[in-house]
Amino acid sequence: MTELLWQPSEARLKSTNIYRFMQHANERHGKHFAAYDDLYEWSIQESPTFWATLWEYSEVICSRGYDEVVDDVTKMPGARWFEGARLNFAENLLRYRDDHIALSFKGESQPTVSLTYAELYDLVARLAKSLREMGIQPGDRVAGFMPNMMETVVAMLATASVGAIWSSCSPDFGIKGVLDRFGQIEPRVLFTANGYSYNGKQFDSLERISEILKELPSIEKVIVVPYTDPSPDPGRVRNGVLFDDFLAPAAEELQFEQVPASHPLYIMYSSGTTGVPKCIVHGVAGTLLQHIKELSLHTDVKREDTIFYFTTCGWMMWNWLVSSLALGARVLLYDGNPLYPDASAMWQMAQDERISIFGTSASYLAALEKAGVKPGESFDLTLLKAILSTGSPLSVESFQFVYRDIKEELCLSSI
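Everything in this summary refers to the structure shown in the same document. (Residues numbered from 1 in each chain as written. Predicted model: local features only at pLDDT ≥ 70, side-chain atom pairs only at ≥ 80, totals over all residues. Heavy atoms only, no water.)

We now examine the pattern of salt bridges. With the rule as written, the count across this model stands at 16 salt bridges. The partner of K129 in a salt bridge is E252, and the shortest N-O contact between them spans 2.9 Å. In this pair, K129 is assigned in helix α6 (residues 117–133) and E252 in the loop between α10 (243–246) and β14 (259–260), connecting sequence segments 123 residues apart. On the basis of relative accessibility, which here comes to 47%, the residue E252 falls in the partly exposed class. (Salt bridge = Lys/Arg side-chain N within 4 Å of Asp/Glu carboxyl O. Helix = DSSP H or I, 4+ residues; strand = E, 2+ residues; numbered from the N terminus. Buried < 20%, exposed > 50% of the residue type's maximum accessible area, 1.4 Å probe, protein only.)

Now the structure itself:
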């Protein structure tokens, strides 16, 4: 690629989160970073200082600060980060409690519904109270067999707020795929929607849940979220209860269980191509800081943004997307086929929902190319700051270039 497609203005550069962070690091440590490469090298050469600066800059909410950033930065795996700190992941994602839209959900052929940050906090508080009342405590596992909808996020945040561990699978997984994953972690609670939609069709989830429960005796309660049926029968599954009936009737001040930095937050899984999927445990502080780094510094997420990433709850990009709440943005969730009712469906949604950050995959871009879709010629996508910053109509070719460029870009130090 010899032609420079686009270069940001000086004003654009100075309005970015990463520029502000660079200035903060300069002032805090007497540095003179003037370009990304300088910051990148510093994040590697002085990794503990970089992460301590990000913790400070991000204003991580904690009840106790750390004693040291890392015990031995050369030890990998096995290094212990932020020893002594006590914090809660959900508390950091729920730092905003106002009337700004926090979550919006769009299903196939369904209107968009939304929750404000205040409403989200209220729902999480009610659900967390119910989980505590049934005895869920730090270290317990809570599982989700859910579409990518708002109740899934509420369930995850309530789980994290009590110090329990969240794990999820997409509802299109087969019975064996679910058991290969949840069978290893012995969850006490399972959240499920009654069904899900794909390609204009509706699929029942409760029949599969009934079969799954036969092999998961650890599950004490199944919380059923109405979706494809507004009044599903929770009695179809053992110990089933409707989501609204399980919620505590009134919200109280949410109690955020304070846990160590390394406390397990998520259990995710390998693909299962070499046998049973392997459990991958992600800790509280590492997940929080890594996501804030990627979302704030690399993706430039701000409060005024609407961020979307096409993902199911079985992919780690769902966990990444949800962390945008820590930055106060509006998170748009979608359930269904991204090519339904036609290949331009997501771009119609991008226009209607005024998406400013659009996350996708190479396979989706290839599908657009095959279908001959040129979104910039048919839709108003001027808010897509990462994609339409060339100032020209979006073509598949330019989109693929941007995607490749982002994928190959050097990233700051990771933990």
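This next bit is on the sheet that holds β14. The strand order across the open sheet formed by three strands is β1-β4-β14, and the pairing between neighbours is antiparallel. Each edge of the open sheet carries a strand with a single partner, namely β1 (62–64) and β14. In this structure, β1 lies alongside strand β4 (residues 86–87), joined through two bridges in antiparallel fashion. Bridging across to β4, R64 finds its partner in R86. (Pairing = 2+ DSSP bridges.)

Our next topic: the packing of helix α3 (residues 36–45) against helix α4 (residues 47–57). Their axes nearest at 5 Å, the elements α3 and α4 cross at an angle of 110°. As summarised for this structure, α3 and α4 are arranged roughly perpendicular, according to the angle between their axes. Taken together, the residues of α4 that come into contact with α3 (itself represented by W42, S43, I44 and Q45) are S47, T49, F50 and T53. Taken together, the residues of the contact of α3 with α4 sort by class into three nonpolar, five polar and no charged. (Axes fitted to C-alpha atoms, helices over the stretch in contact; angles between N-to-C directions. Parallel < 35°, antiparallel > 145°, perpendicular 65-115°, else oblique. Contact = heavy atoms within 4.5 Å. Nonpolar A, V, L, I, M, F, W, Y, C, P; charged D, E, K, R; others polar.)

Let us now look at unusual backbone geometry. Here the bond from M76 into P77 is cis, since omega is 0°, no more than 30 degrees from zero. Counting through the fold element by element, P77 comes out in the loop between β2 (68–70) and β3 (81–83). At the junction of Y340 and P341, the peptide bond is cis and its omega measures out at 0° in the coordinates. Along the chain, P341 turns up in the loop between β18 (330–335) and α13 (345–352).

For the rest of this paragraph, the subject is the nonpolar core. Judged by nonpolar contacts, the single largest core of 92 residues is most densely connected at F82, L120, L157, F191 and L325. Aside from chain neighbours lying at most four places away, what touches L120 is L94, A102, L103, L115, V154, L157 and L325. (Core = buried A, V, L, I, M, F, W, Y, C linked by side-chain atoms within 4.5 Å.)

This part takes up the state of the cysteines. By definition, a disulfide is the covalent link that joins the sulfur atoms of two cysteine residues. On inspection of all chains with the given rule, the structure shows zero disulfides. Looking at C169, it has no disulfide partner, and the nearest cysteine sulfur is the one in C313, 10.0 Å off. Considering cysteine sulfurs only, C169 is the nearest to C279, which forms no disulfide, with 10 Å between them. (Disulfide = S-S within 2.5 Å.)

This part is about the sheet that holds β18. Pairing in this open sheet of five strands is mixed, and the strands run β6-β5-β18-β17-β19 from one edge to the other. Only two strands of the sheet have a single partner each, and these edge strands are β6 (113–116) and β19 (357–359). Across the sheet, the mean angle separating the axes of adjacent strands is 20° when strand polarity is ignored. Pairing of strand β5 (residues 101–107) with β6, which is carried by four bridges, proceeds in the antiparallel orientation. Bridging from a neighbouring strand, L103 pairs with L115 of β6.

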